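Structural overview for review
Take a look at the letters that make up each chain.
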Amino acid sequence: MTMVCHRPEGLEQLEAQTNFTKRELQVLYRGFKNECPSGVVNEETFKQIYAQFFPHGDASMYAHYLFHAFDITQTGSVKFEDFVTALSILLRGTVHEKLRWTFNLYDINKDGYINKEEMMDIVKAIYDMMGKYTYPVLKEDTPRQHVDVFFQKMDKNKDGIVTLDEFLESCQEDDNIMRSLQLFQNVM
Amino acid sequence: MAAGVATWLPFARAAAVGWLPLAQQPLPPAPGVKASRGDEVLVVNVSGRRFETWKNTLDRYPDTLLGSSEKEFFYDADSGEYFFDRDPDMFRHVLNFYRTGRLHCPRQECIQAFDEELAFYGLVPELVGDCCLEEYRDRKKENAERLAEDEEAEQAGDGPALPAGSSLRQRLWRAFENPHTSTAALVFYYVTGFFIAVSVIANVVETIPCRGPARRPPREQPCGDRFPLAFFCMDTACVLIFTGEYLLRLFAAPSRCRFLRSVMSLIDVVAILPYYIGLFVPKNEDVSGAFVTLRVFRVFRIFKFSRHSQGLRILGYTLKSCASELGFLLFSLTMAIIIFATVMFYAEKGTNKTNFTSIPAAFWYTIVTMTTLGYGDMVPSTIAGKIFGSICSLSGVLVIALPVPVIVSNFSRIYHQNQRADKRRAQQKVRLARIRLAKSGTTNAFLQYKQNGGLEDSSSGEEQALCVRNRSAFEQQHHHLLHCLEKTTCHEFTDELTFSEALGAVSLGGRTSRSTSVSSQAVGPGSLLSSCCPRRAKRRAIRLANSTASVSRGSMQELDTLAGLRRSPAPQSRSSLNAKPHDSLDLNCDSRDFVAAIISIPTPPANTPDESQPSSPGGGGGASSTLRNSSLGTPCLLPETVKISSL
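Residues numbered from 1 in each chain as written. Chains lettered and ligands numbered in written order. Predicted model: local features only at pLDDT ≥ 70, side-chain atom pairs only at ≥ 80, totals over all residues. Heavy atoms only, no water.

Next up on the list: the overall build of chain A. When you go through chain A residue by residue, the secondary structure sums to 10 helices and five strands. Residues counted as buried form 47% of the 188 residues belonging to chain A. Here the analysis covers contacts within chain A between residues at least 6 apart in sequence; of these, 59% occur between residues at least 24 apart. (Helix = DSSP H or I, 4+ residues; strand = E, 2+ residues; numbered from the N terminus. Buried < 20%, exposed > 50% of the residue type's maximum accessible area, 1.4 Å probe, protein only. Contact = heavy atoms within 4.5 Å.)

Helices and strands together make up the secondary structure of chain B, namely 27 helices and seven strands. Residue burial in chain B is summarised as follows: out of 647 residues, 40% are buried. Restricting to contacts in chain B with at least 6 residues of sequence separation, those with at least 24 account for 68%. Surface accessibility of chain B: about 35,200 Å² in total, with carbon and sulfur atoms responsible for 62%. (Areas by Shrake-Rupley, 256 points an atom, 1.4 Å probe, with all protein chains shown as cover.)

Before going further, it helps to examine helix α9 (residues 164-173) of chain A. Residues of α9(A) that are buried include every one of A:E166, A:F167, A:L168, A:S170 and A:C171, and no others. Here the buried face of α9(A) lies against α6 (95-106), α8 (142-154), β5 (161-163) and α10 (175-181) of chain A.

We now examine the nonpolar core. Counting 78 residues, the largest nonpolar core has A:Y50, A:F54, A:F83 and B:W19 as the members making the most contacts within it. Each of two domains, domain 1 (19-91) and domain 2 (111-186) of chain A, supplies a minimum of three residues to this core. Apart from the residues within four sequence positions on either side, A:F54 is in contact with A:A59, A:M129, B:W19, B:L481, B:L482 and B:L485. Membership of the second largest hydrophobic core comes to 28 residues, among which are B:F51, B:L66, B:F114 and B:L118. (Core = buried A, V, L, I, M, F, W, Y, C linked by side-chain atoms within 4.5 Å. Domains from an automatic or database assignment.)

Our next topic: the sheet that holds strand β4 (residues 81-84) of chain B. Residue and element names in this part refer to chain B. Overall, mixed pairing links the four strands, which are arranged β2-β1-β4-β3 in an open sheet. Since the sheet does not close on itself, it has two edges, and those belong to β2 (49-54) and β3 (75-76), each with one partner. Note: strand β1 (residues 41-46) against β2, six bridges, orientation antiparallel. Bridging from a neighbouring strand, L42 pairs with T53 of β2. Strands β1 and β2 of the sheet are contacted by helix α3 (residues 88-100), whose axis makes an angle of about 5° with β2. (Pairing = 2+ DSSP bridges. Axes fitted to C-alpha atoms, helices over the stretch in contact; angles between N-to-C directions.)

Before going further, it helps to spend a moment on the side chain of B:K304. All names here are of chain B. With respect to the element layout, K304 can be found in the loop between α13 (285-296) and α14 (310-321). What makes K304 buried here is its relative accessible area of 2%. When neighbours within four sequence positions are excluded, K304 is seen to be in contact with I196, F242, E245, M264, I267, D268 and A271.

What follows concerns the UniProt feature "domain: EF-hand" (unreviewed entry) in chain A. Residue and element names in this part refer to chain A. Per the UniProt record, the feature "domain: EF-hand" (unreviewed entry) sits at residues 58-93, 94-129 and 142-177. Within the segment residues 94-129, helix and strand shares are 69% and 8% respectively, and the terminal C-alpha atoms sit 28 Å apart. Structurally, residues 142-177 comprises 72% helix and 8% strand, and the distance from its first C-alpha atom to its last is 21 Å. (UniProt positions renumbered as here; feature names shortened; annotations may be inferred.)

Moving on, we come to unusual backbone geometry. A positive phi angle, near 55°, is found at A:K158, a position not held by glycine. By the secondary structure assignment, A:K158 is in the loop between α8 and β5. Positive phi outside glycine occurs at B:K353, with the angle close to 50°. A residue is classified by how much of its surface remains accessible, and B:K353, at 85% relative accessible area, is exposed.

Residue and element names in this part refer to chain B. Counted at 1.5 Å a residue, the expected span for helix α10 (residues 228-252) with its 25 residues is 36 Å, and the 36 Å between its end C-alpha atoms agrees. Inspection of α10 places F231, D235, T236, C238, V239, F242, T243, E245, Y246, R249 and A252 among the buried residues, and these make up the whole buried set. Buried residues along α10 sit in contact with α7 (168-177), α8 (183-206), α9 (223-226), α11 (256-261) and α12 (263-280). (Expected span 1.5 Å × (residues − 1).)

A few words now on the interface of chain A and chain B. Often, the extent of an interface is quoted as the loss of accessible area on bringing the components together. Taken together, the contacts link 62 residues of chain A with 68 residues of chain B. Overall, the association of chain A and chain B removes approximately 5,800 Å² of surface from exposure, summing both partners, and the carbon and sulfur fraction of that is 72%. The largest share of the area that chain A buries against chain B comes from A:F53, A:Y133 and A:Y135, three residues that together contribute 16% of it. Our count for the contact surface shared by chain A and chain B stands at zero salt bridges. The interface formed by chain A and chain B holds six residue pairs in polar contact (both at pLDDT 80 or more) in total. (Buried area = accessible area lost by both parts, 1.4 Å probe. Salt bridge = Lys/Arg side-chain N within 4 Å of Asp/Glu carboxyl O. Polar contact = N/O pair within 3.5 Å; in protein donor to acceptor, adjacent residues only side chain to side chain.)

Residue and element names in this part refer to chain B. Examined against the element boundaries, R301 turns out to sit in the loop between α13 and α14. Only 3.1 Å separates the side chain of R301 from the side chain of D235, close enough to count as a polar contact. With sequence-adjacent residues up to four places away left out, R301 is seen in contact with I196, S199, V200, N203, D235, V239, F242 and A271.

All names here are of chain A. Contact geometry of α6 with α9 gives a least axis separation of 10 Å together with a crossing angle of 125°. Considering the angle they form, α6 stands oblique to α9. When the axes of α6 and α9 are compared, the crossing they make is right-handed. Every residue of α9 that contacts α6 at H96, L99, R100, T102, F103 and Y106 is listed here: L164, F167, L168, C171 and Q172. Looking at side-chain class alone, the contact of α6 with α9 contains seven nonpolar, three polar and one charged residues. (Parallel < 35°, antiparallel > 145°, perpendicular 65-115°, else oblique. Left-handed = near helix turned anticlockwise from the far one by under 90°. Nonpolar A, V, L, I, M, F, W, Y, C, P; charged D, E, K, R; others polar.)

Now for a nonpolar patch on the surface. Residue and element names in this part refer to chain B. Residues L229, F232, L279 and F280 make up a contiguous nonpolar surface patch of roughly 480 Å² in combined accessible area. Of all the secondary structure elements, the ones that give two or more residues to the nonpolar patch are α10 and α12. Mapped onto the fold, L279 is located in helix α12. Residue classification places L279 among the partly exposed residues on the basis of a relative accessible area of 43%. (Patch = residues over 30% accessible without salt bridge, like charges linked within 9 Å, V, L, I, M, F, W, Y side chains within 5 Å.)

Now for the pattern of salt bridges. Going through the model one piece at a time under the given rule, you end up with 19 salt bridges over all chains. Close ionic contact of A:K47 with A:E43 constitutes a salt bridge, the shortest N to O distance being 3.6 Å. Taken as a pair, A:K47 and A:E43 lie in helix α3 (residues 43-51) at a separation of four residues, close to a single helical turn. For the salt bridge of B:R139 with B:E135, the shortest nitrogen-to-oxygen distance reads 3.3 Å. Taken as a pair, B:R139 and B:E135 lie in helix α5 (residues 130-146) at a separation of four residues, close to a single helical turn. Salt bridges sharing common partners tie together B:E245, B:R249, B:D268 and B:K304.

What follows is the structure, given as structure tokens:
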């Protein structure tokens, strides 16, 4: 049994590439290395870790999409650099970067467009995380309605797909979204 | 919250960015984390030995002593370290648990002392890692047995708990299978055992010759013929009991076909059938021979004892499982018998008046010799015969001695396996309970937090209940994350009870269903948003109903905390102390009236009952005033008082 052991690039390099300070990177790496001594996270571990935060429902599908959003090079495993790069965008990036990352998350097949099926998958995955016991009772077509609302808002030219520009424009018009993007500023 | 994932919370919260464009309601503000001191190294002084570790490491398990604010009680400001007057050797294991997530059991320490340390540091014994768990439990069990506290063995032997409301059939079957469960079953068990013994003894005694009455010449008769009526009555009684038992078992069996095919039921049938056949067969000379043979089958009643003895059952099972070894034994013996019989026959053929008249006749000699019985009724007389006879007896020893140890070891293995199966069943129960406890601990913490009014939009933090404020930073952030998910999907987390009630309310076609049916008409974003409002208002109503009782409970808990009675002796996670799952209030039908009352009120009622807003209507004021009284420590008030005042 070969252990894939990966060491990340130097601390200075990572500090230059991301928006984290050295101390923050140290804290992050310690946590990362503890969970994954081999230096890479595979999808199974990723799903397990994420599922611990959502004990009510089934977080595996959303974790799957997240994993593919983190794994930029599509190698099947997330190294510390990928992890920290994504975190840097999400926590310390500009609004533009965050929105672009979210677009990339929604675009499951990474073709540059979001269509209704991809959105359905994502929304269903999010609703799965709620679990069975919700109030009010979760109905069969709630995810579909949610997607319809989303598309009505985002799809400007009503062609059935959302491009990056449409997405950015619509999000920037929505005050709620803009405000909530500042939510996770002080997470670290 | 399980091992080490506290460090991954920032990642989980960052991933929530993916929900933002989908959220239909504005997300709640992030909890104000106090000035994060950044990670630092803490010094823990345990009886003079200094241990140093990162603060983050200890924060991984917030429901233990070292992970929660309880360690502040042990903080020594002069030296800047946490001092514990406990065993430093044991502390090493406790600290390693924080570092690696696995609690190991020290081999050379007393289990009792280890348990006490775990209890002090707030660690549940179930946290012992899988590598050391079996040994830990073994040693603990040994200890308990030695101290004559056999509770664990008793628990293992109780069998599965019977669900309430089971039918008579199920109860009967369970009484048959586990006689230790009820007194009646135990009595029945012993009675049948007694009658089996009586029946077998009667069968045996029947054949003993008793001296007849003084008669010349004294005729010896078997007792059965001397006292035919007595033996017949005894036999009838036994057979009646056995028949009754068999029919009862047949009635109670969950699967009758399977029961009919099982070995025990076959034995039962064979035990009682001869009697009935004997009743119906006329006392005919021709058939009486066959009838006598049937009586032989009565001896099978002794096999009914195997229900009463587990060892017998294991023996039977062993023989069944060693069928291949037995088969080999038989086959090799047969081969040897045939070979040697043939040889002996031809060796002794020449002798006059020899016993070895044919090869089958020589079989008897071979068998008797190979099993080293040596009756001596057939003996070889020629020299060749004697030589081959001795070879036969030597090889007999070998051939028989080979498969027997295999059978013996099989029996021993199966017997120990049986013992271990019982042990494993008990361990599995504990493991499942552990998983359920961990899961329910988290869910209930969040639900209780909601009920305690922790999700208020009001920014005046001072008015929040103390128990709400007292959660760790980790819990705050985790709950904020879950709250964001709720807002994104426009649904809330509830517990099973409320969910089933809501389902029931929907099926009744009450007002609850109307509001949900509004949401199911997908017209446009506007209607969806408006349908969110009655839900939100209803949630406020429920919160009002729930929080009145729970905040008073929360303040009661706070009083207990200050009195220092925080940690309960039973191994419970700290979060579950605040969460009492069965205390969730019922969403009874009266809550529907709430909706009407609150929607009609122009200004929203007081969110936090502790706030006194002069602009709020009498309902809110009434609620808050009643709460003032309750916060002084009176027991929780009924929701009805609030309802009356608001209507």
